[in-house]
Amino acid sequence: MKRIYFLLMLSLYSTFLLAQEGETKKINVDINTGTSNDNWYASPWVWVVGAAVLILLLVALTRGNRRTD
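These figures come from a predicted structure and were not determined experimentally.

Peer 1: With reference to specific residues and values, describe the overall build of the protein.
Peer 2: If you tally the helices and strands in the protein, you get 2 helices and 0 strands. Burial statistics for the protein: of 69 residues in total, 1% are counted as buried. As displayed, the protein offers around 7700 Å² of accessible surface, 64% of which is attributable to carbon and sulfur atoms.

What follows is the structure, encoded as structure tokens:
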């Protein structure tokens, strides 16, 4: 029984491995499509403004909880 299972698994693996081989096709993977890169999150000024707003928000939240007795 072990031998049959081994031969079955071996033939299954060889089928998968042979299915992966084939002609070597040349695939063109060109990331630059010629259009402009208009990602808003790629601009450094967006990160600077976002960090400034976050810092101001944190300061406003922490100073707003103080009580004067």
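Peer 1: Account for a nonpolar patch on the surface, with residues named and values stated.
Peer 2: A contiguous nonpolar surface patch, about 400 Å² in accessible area, is contributed by Leu54, Leu57, Leu58 and Leu61. In this structure, Leu58 sits in helix α2 (residues 44-63). We classify Leu58 as partly exposed; its relative accessible area is 48%.

About the cut-offs
Residues numbered from 1 in each chain as written. Predicted model: local features only at pLDDT ≥ 70, side-chain atom pairs only at ≥ 80, totals over all residues. Heavy atoms only, no water. Helix = DSSP H or I, 4+ residues; strand = E, 2+ residues; numbered from the N terminus. Buried < 20%, exposed > 50% of the residue type's maximum accessible area, 1.4 Å probe, protein only. Areas by Shrake-Rupley, 256 points an atom, 1.4 Å probe, with all protein chains shown as cover. Patch = residues over 30% accessible without salt bridge, like charges linked within 9 Å, V, L, I, M, F, W, Y side chains within 5 Å. Salt bridge = Lys/Arg side-chain N within 4 Å of Asp/Glu carboxyl O.

By themselves, these observations are geometric and do not establish any function.
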